[in-house]
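Descriptive analysis of the structure
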Amino acid sequence: MTNEKVIMLIEAKIQPQHRAELVEAAHEYLPLVRAEAGVEAFYVAAQKDNPNTFVFYEVYRSQAAQDFHLQQDFTKKFLATLKSAQVGDRVRTNLVELGLEEHRHSN
């Protein structure tokens, strides 16, 4: 399926001294991302028990929508800020939505 949604969960450990800067960058970034036509959901949160681990939950209508998102200047700027603030590599988990296809076929 080429029009399959792209759903991702990304975790990034943040250097404590860069946390405030990254939170401010996220506040500027989120409205721009959420305004993109192909973005169905985009959340940035911190783990409750570990506030220096940021979690991104992203849902794009299609791979083309995610590609468009990654090409935006504001995305490139945010990712550069994130990369300079993080410790080690981000952990990315690709997810697949369950239930919808099965439900449609059973009706």
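Just so it is clear, the model here is predicted, and its values are computed rather than measured.

Basis of the calculations
- Residues numbered from 1 in each chain as written.
- Predicted model: local features only at pLDDT ≥ 70, side-chain atom pairs only at ≥ 80, totals over all residues.
- Heavy atoms only, no water.
- Phe/Tyr/Trp six-rings, centres within 6.5 Å; stacked < 30°, edge-to-face > 60°.
- Lys NZ or Arg CZ within 6 Å of the ring centre and 35° of its normal.
- Patch = residues over 30% accessible without salt bridge, like charges linked within 9 Å, V, L, I, M, F, W, Y side chains within 5 Å.
- Areas by Shrake-Rupley, 256 points an atom, 1.4 Å probe, with all protein chains shown as cover.
- Salt bridge = Lys/Arg side-chain N within 4 Å of Asp/Glu carboxyl O.
- Helix = DSSP H or I, 4+ residues; strand = E, 2+ residues; numbered from the N terminus.
- Buried < 20%, exposed > 50% of the residue type's maximum accessible area, 1.4 Å probe, protein only.
- Expected span 1.5 Å × (residues − 1).
- Bend = angle between axes of the 7 residues up to and from the residue.
- Contact = heavy atoms within 4.5 Å.
- Pairing = 2+ DSSP bridges.
- Axes fitted to C-alpha atoms, helices over the stretch in contact; angles between N-to-C directions.
- Core = buried A, V, L, I, M, F, W, Y, C linked by side-chain atoms within 4.5 Å.
- Polar contact = N/O pair within 3.5 Å; in protein donor to acceptor, adjacent residues only side chain to side chain.

A few words on the packing of aromatic side chains. If you walk through the whole model with that rule in mind, you get four aromatic pairs. A network of ring pairs unites the aromatic residues Y29, F42, F56, F74 and F78 as a single cluster. The cationic tip of R34 hangs over the ring face of Y43; the distance from NZ or CZ to the ring centre is 5.2 Å.

Here the focus is a nonpolar patch on the surface. A cluster of nonpolar side chains, namely Y43, Y57 and L95, defines an oily patch on the protein surface of about 280 Å² accessible area. Mapping Y43 onto the fold places it in strand β2 (residues 39–47). Y43 gets classed as partly exposed once you look at its relative accessible area, which sits at 48%.

Here the focus is helix α1 (residues 19–34). Between its first and last C-alpha, α1 extends 22 Å over 16 residues, near the 22 Å set by a 1.5 Å rise per residue. A maximum bend of about 30° is found in α1 at E28, where proline P31 lies one to four positions downstream. Regarding α1, the residues found buried are L22, A25, A26, Y29, L30 and V33. Looking at the buried positions of α1, the neighbouring elements they touch are β2, β3 (50–60), α2 (63–71) and α3 (73–85).

Among the secondary structure elements, T75 is positioned in helix α3. For T75, the contacting residues outside a window of four places in its chain are Y29, E36, H69 and L70.

Quick look at the pairing of β2 now. Pairing analysis gives eight bridges linking β2 to β3, with the strands arranged antiparallel. Residue pairing across strands places F42 opposite E58, the latter belonging to β3. Count of turn residues in the β2/β3 antiparallel hairpin: two residues.

Moving on, we come to the sheet that holds β3. Pairing is antiparallel in the open sheet, where four strands are placed in the order β2-β3-β1-β4. Whereas interior strands pair on both sides, the edge strands pair on one side only; in this sheet they are β2 and β4 (91–95). This sheet shows a mean twist of 15° between the axes of neighbouring strands, independent of strand direction. Docked against the sheet, α1 engages β2 and β3, running at close to 165° with respect to β2.

Here we come to the nonpolar core. Counting residues in hydrophobic clusters, the biggest one holds 20 residues, and the most contacted among them are I14, L22, F42, F56, Y60, F78 and L82. Residue contributions to this core peak at six residues, all from α1. If near-sequence neighbours (up to four positions away) are discounted, F78 is found in contact with L22, A25, A26, Y29 and F56.

It is worth spelling out the environment of Q66 at this point. Relative to the assigned elements, Q66 resides in helix α2. Of the residues examined, Q66 reaches a relative accessible area of 5% and is grouped as buried. Q66 sits 27 residues away from V39 along the chain, and the two C-alpha atoms are 7.7 Å apart. Beyond its immediate sequence surroundings of up to four residues, Q66 is in contact with V6, M8, Y60 and R92. In terms of polar contacts, Q66 uses its side chain to reach the side chain of Q63, at 2.9 Å.

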